[in-house]
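The primary structure of each chain is shown beneath.
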Amino acid sequence: FTVGDLPELRSWNEIVPGYRPYGLPYPEIPSVARRTAPPEYDIVFTGSMTPRRKKMLGDLERRYRLLQSTVFGTEEERARLYSRAKVAVTVPQTEEWKWVSPMRVLFGLRSGVPTVDLGQDLETIFGRLVLGPTDIDGAVANSDGLLQQQLKSYESFVRSPANGAFPSGAFDLWAELEACV
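About the cut-offs
- Residues numbered from 1 in each chain as written.
- Predicted model: local features only at pLDDT ≥ 70, side-chain atom pairs only at ≥ 80, totals over all residues.
- Heavy atoms only, no water.
- Salt bridge = Lys/Arg side-chain N within 4 Å of Asp/Glu carboxyl O.
- Helix = DSSP H or I, 4+ residues; strand = E, 2+ residues; numbered from the N terminus.
- Buried < 20%, exposed > 50% of the residue type's maximum accessible area, 1.4 Å probe, protein only.
- Pairing = 2+ DSSP bridges.
- Axes fitted to C-alpha atoms, helices over the stretch in contact; angles between N-to-C directions.
- Contact = heavy atoms within 4.5 Å.
- 1 Å grid on protein atoms, 1.4 Å probe; cavity = no way out; pocket = protein on both sides within 12 Å on 5 of 7 lines; lining within 4 Å.
- Points joined across faces, edges and corners; volume = space filled by probe spheres on them.
- Nonpolar A, V, L, I, M, F, W, Y, C, P; charged D, E, K, R; others polar.
- Parallel < 35°, antiparallel > 145°, perpendicular 65-115°, else oblique.
- Phe/Tyr/Trp six-rings, centres within 6.5 Å; stacked < 30°, edge-to-face > 60°.
- Core = buried A, V, L, I, M, F, W, Y, C linked by side-chain atoms within 4.5 Å.

### Points about the pattern of salt bridges
Link 1 in the chain: In this structure the tally under the stated criterion is 10 salt bridges.
Link 2 in the chain: In this structure, Asp 42 and Lys 86 form a salt bridge, with 3.6 Å as the shortest nitrogen-oxygen distance. Here Asp 42, found in strand β3 (residues 41–46), pairs with Lys 86, found in strand β5 (residues 85–90); they are 44 residues apart in sequence, far enough to count as distant.
Link 3 in the chain: The exposure class assigned to Lys 86 is partly exposed, which follows from its relative accessible area of 23%.
Link 4 in the chain: Residue Asp 59 pairs with Lys 55 through a salt bridge whose shortest N-O separation is 3.0 Å. Residue Asp 59 and its partner Lys 55 are located together in helix α2 (residues 51–61), separated by 4 residues, close to a single helical turn.
Link 5 in the chain: Residue Asp 59 is classed as partly exposed on the basis of its relative accessible area, which comes to 30%.
Link 6 in the chain: One salt-bridge network, in which partners are shared between bridges, spans Glu 28, Glu 155 and Arg 159.

In structure tokens form, the structure reads like this:
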């Protein structure tokens, strides 16, 4: 199962004939965290460090107050990190990786922090309809406005036909797997 549109998995059926990944629809965001204090940092990044990320984050650090963490803690710990910055960034691990991580964006939105995708993913439906092209300077300068824009875009996307419906074929797969146990 995947959540949403993942172009890199379109050839999955060639790898495992007869099976395709089921794309689950994106969920609604029931509530959004609100800041309790002004952010100390302009940008937050959480994730593993790769040479490309190190270079891109180093460039950002020369221009902005950057908070980075490569420690994978609890969701609450990560939310505390996010609350300390105006915007979160997603940075593709490699030059070849072109797709945004929707889970990072959803985490940011739930945490009350907008996300800027430095990979500028305009290939996936999610990248085009929820994030779109975003300028980091404008995002830092107007993070509250960007958050409201992204929440509105996400809400529209979740309710649109582009989000899809729960794949009924998934129940067939489930029954097949149950028979193996």
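This is not the end of the story, as more comes after the structure.
### Notes on the sheet that holds β3
Link 1 in the chain: With parallel pairing, 4 strands are arranged side by side in an open sheet as β4-β3-β5-β6. With one partner strand each, in any of the chains shown, β4 (66–69) and β6 (115–117) form the two edges of the open sheet. On average, adjacent strands in this sheet sit at an angle of 30° to one another, irrespective of strand direction.
Link 2 in the chain: Running over the sheet, α2 touches β3, β4 and β5 and is turned about 155° from β4.
Link 3 in the chain: Relative to the sheet, helix α3 (residues 75–83) contacts β3, β4 and β5, its axis offset from that of β3 by approximately 150°.

### A short note on the layout of surface pockets
Link 1 in the chain: Put simply, the largest pocket is a space of about 210 Å³.
Link 2 in the chain: As for the largest pocket, its lining consists of 16 residues, and the residues nearest its centre are Ala 33, Arg 34, Ala 79, Ser 83 and Ser 111.
Link 3 in the chain: A total of 4 residues in the lining of the largest pocket trace back to one element, the largest contributor, which is α3.
Link 4 in the chain: Residue classes in the lining of the largest pocket are distributed as 6 nonpolar, 3 polar and 7 charged.

### Quick notes on the packing of α3 against helix α4 (residues 102–110)
Link 1 in the chain: At a minimum axis separation of 10 Å, α3 and α4 run at an interaxial angle of 70°. One finds that α3 runs roughly perpendicular with respect to α4. The residues of α4 that touch α3, namely those facing Glu 75, Arg 78, Ala 79 and Tyr 82, are Arg 104, Phe 107, Gly 108 and Arg 110.
Link 2 in the chain: Taken together, the residues that form the contact of α3 with α4 break down as 3 nonpolar, 1 polar and 4 charged.

### Describing the packing of aromatic side chains
Link 1 in the chain: One pass over the full model with this rule turns up 3 aromatic pairs.
Link 2 in the chain: Measuring from centroid to centroid gives 6.4 Å for Tyr 26 and Tyr 154, while their planes differ by 80°, and the two rings are edge-to-face. Here the residue Tyr 26 occupies a position in the loop between β2 (23–24) and β3, and Tyr 154 occupies one in helix α7 (residues 143–159), the gap between them amounting to 128 residues. An identical accessibility class is assigned to Tyr 26 and Tyr 154; each is buried.
Link 3 in the chain: Of the aromatic side chains, those joined through ring pairs into one cluster are Tyr 26, Tyr 154 and Phe 157.

### Comments concerning the nonpolar core
Link 1 in the chain: Residues Ile 43, Leu 60, Val 89 and Ile 136 are the most contacted members of the largest nonpolar core, which totals 16 residues.
Link 2 in the chain: Once residues within four sequence positions are removed from consideration, Ile 136 is found in contact with Ile 43, Leu 60, Arg 63, Tyr 64, Val 87, Val 89 and Val 116.
Link 3 in the chain: Membership of the second largest hydrophobic core comes to 15 residues, among which are Val 100, Val 105, Leu 106 and Leu 147.

Keep in mind these numbers describe shape, not what the thing actually does.
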